There are 2 protein chains.
Amino acid sequence: MVPSLPSDPSPDAIAVLGANAAFYEAFESRDLDTMSDIWEHSDRVGCVHPGWAILTGWASVSASWFALFDGPQRLQFIVTDERVEVAGDVAWVTCNENLLDTGATQAVAATNVFTRADVGWRLVHHHGSPVEQRMQAREQ
Amino acid sequence: MVPSLPSDPSPDAIAVLGANAAFYEAFESRDLDTMSDIWEHSDRVGCVHPGWAILTGWASVSASWFALFDGPQRLQFIVTDERVEVAGDVAWVTCNENLLDTGATQAVAATNVFTRADVGWRLVHHHGSPVEQRMQAREQ
């Protein structure tokens with residue numbers, strides 16, 4: 001999965017897009033250890049899976065990934081339209097998760113917020129939401 | 001609409017929650033001028049309405065508010081479960097938008113990202129997504 005870099009990305013922007021790509025690679029491969037490393041482990045983290053209510057705190061967020069990875073549904077993505085903004089020690093990425101599933105492609109709009117840590121950029125908030133087919137058609 | 005403040009909020013957290021409340025007041029009252037003042041006017045702003053694809057840039061985002069406020073649907077909210085995090089000049093709020101509509105209550109999970117400007121905190125990203133009824137039931 002190659003991030004769509006801006007024309008003149010800053011080192012911070014490149015690092016954040018790398019963290020974003022690692023998130024989707026861990027998601028696709030159902031790699032709970034790597035997914036755990038990608039997130040900040042704190043009470044302030046939050047996660048909204050498509051159609052879900054907001055989960056807050058690492059205990060709830062990590063439990064949701066465990067449940068998703070333990071379930072039957074294996075997801076494959078093509079991530080497109082990545083945009084990254086860095087402001088100090090916070091960055092946010094928007095992208096489309098194009099789910100490859102049973103012949104039809106379903107899009108999920110995602111917002112991912114990262115903060116700078118000693119060990120690199122860590123995910124503190126993920127929000128994914130299904131894009132209705134008619135809205136996908138309108139955008140194309 | 002009274003924001004649910006943390007037990008010992010910082011001045012920044014109070015200011016961000018005020019900006020978040022102003023956003024929902026402008027939304028409810030379909031006040032395009034106030035909505036415009038709440039947002040940063042730049043290429044980096046982004047907005048995901050429930051079920052919509054990602055809109056980027058102030059031109060697209062402002063056009064979406066114009067279209068929503070020009071339409072027939074008048075929305076009333078009760079905003080609950082507000083949580084705010086401030087990191088330097090960036091803050092993000094999560095909350096539930098409980099839509100009062102024809103007897104049934106529908107919840108939208110929202111992520112709002114603000115940045116500090118000379119004139120106060122400005123909205124740079126809004127992401128709202130419908131919460132499925134069965135997930136609302138699970139959370140309660």
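Calculation notes
Residues numbered from 1 in each chain as written. Chains lettered and ligands numbered in written order. Predicted model: local features only at pLDDT ≥ 70, side-chain atom pairs only at ≥ 80, totals over all residues. Heavy atoms only, no water. Helix = DSSP H or I, 4+ residues; strand = E, 2+ residues; numbered from the N terminus. Polar contact = N/O pair within 3.5 Å; in protein donor to acceptor, adjacent residues only side chain to side chain. Contact = heavy atoms within 4.5 Å. Least-squares fit on C-alpha atoms with pLDDT ≥ 70 in both. Buried < 20%, exposed > 50% of the residue type's maximum accessible area, 1.4 Å probe, protein only. Salt bridge = Lys/Arg side-chain N within 4 Å of Asp/Glu carboxyl O.

With that settled, the discussion passes to the side chain of Glu40 of chain B. Residues and elements named next belong to chain B. Within the secondary structure, Glu40 sits in the loop between helix H2 (32-38) and strand E1 (46-48). A distance of 2.7 Å separates a polar atom in the side chain of Glu40 from a polar atom in the side chain of Ser42. One polar contact links Glu40 to Thr115, side chain to side chain, over a distance of 3.3 Å. Ignoring anything within four residues of it in the chain, the contact list for Glu40 reads Val45, Trp58, Thr115, Arg122, Leu123 and Val124.

Attention now goes to the relation of the copies chain B and chain A. Note on the identical chains: chain B maps onto chain A by a rotation of 180 degrees and an axial translation of 0.0 Å, with an RMSD of 0.0 Å. Taken together, the rotation and translation relating the two chain copies correspond to the operation of a two-fold axis. Minimal C-alpha separation from the rotation axis in chain B is found for Ser129 of chain B, amounting to 2.8 Å. Looking at chain B, 100% of its interface residues are interface residues in chain A too, so the copies touch through the same face.

Here we come to the environment of Asn96 of chain A. By the element assignment, Asn96 of chain A lies in strand E4 (residues 90-101). When its relative accessible area of 15% is taken as the criterion, Asn96 of chain A is described as buried. Here the alpha-carbon distance between Asn96 of chain A and Gly46 of chain A, two residues 50 residues apart in the chain, equals 19 Å. Setting aside residues up to four positions removed in sequence, Asn96 of chain A forms contacts with Ile78, Val79, Thr80, Asp81, Val108 and Ala109 of chain A together with Ile54 of chain B.

What follows deals with unusual backbone geometry. Excluding glycine, a negative phi dihedral is what most residues carry, and trans is how most peptide bonds are arranged. All names here are of chain B. In this structure, Arg30 takes a positive phi of about 50 degrees despite not being glycine. In this fold, Arg30 is placed in the loop between helix H1 (11-29) and H2. Phi angles above zero are rare outside glycine, and Asp81 is one such case at about 60 degrees. Checked against the element boundaries, Asp81 lands in strand E3 (residues 77-87).

For the rest of this paragraph, the subject is the pattern of salt bridges. With the rule as written, the count across this model stands at 6 salt bridges over all chains. Measuring nitrogen to oxygen at the nearest pair gives 2.7 Å for the salt bridge that ties Arg44 of chain A to Glu40 of chain A. The class of Glu40 of chain A is buried, set by a relative accessible area of 16%. For the salt bridge of Asp89 of chain B with Arg116 of chain B, the shortest nitrogen-to-oxygen distance reads 2.7 Å. Taken together, the positions of Asp89 of chain B in the loop between E3 and strand E4 (90-101) and Arg116 of chain B in strand E5 (residues 104-117) put the pair 27 residues apart, joining distant regions of the chain. On the accessibility criterion, Arg116 of chain B (37% relative accessible area) is partly exposed. Where salt bridges share partners, they join Asp12, Asp89 and Arg116 of chain A into one cluster.

These figures come from the coordinates and say nothing about function on their own.
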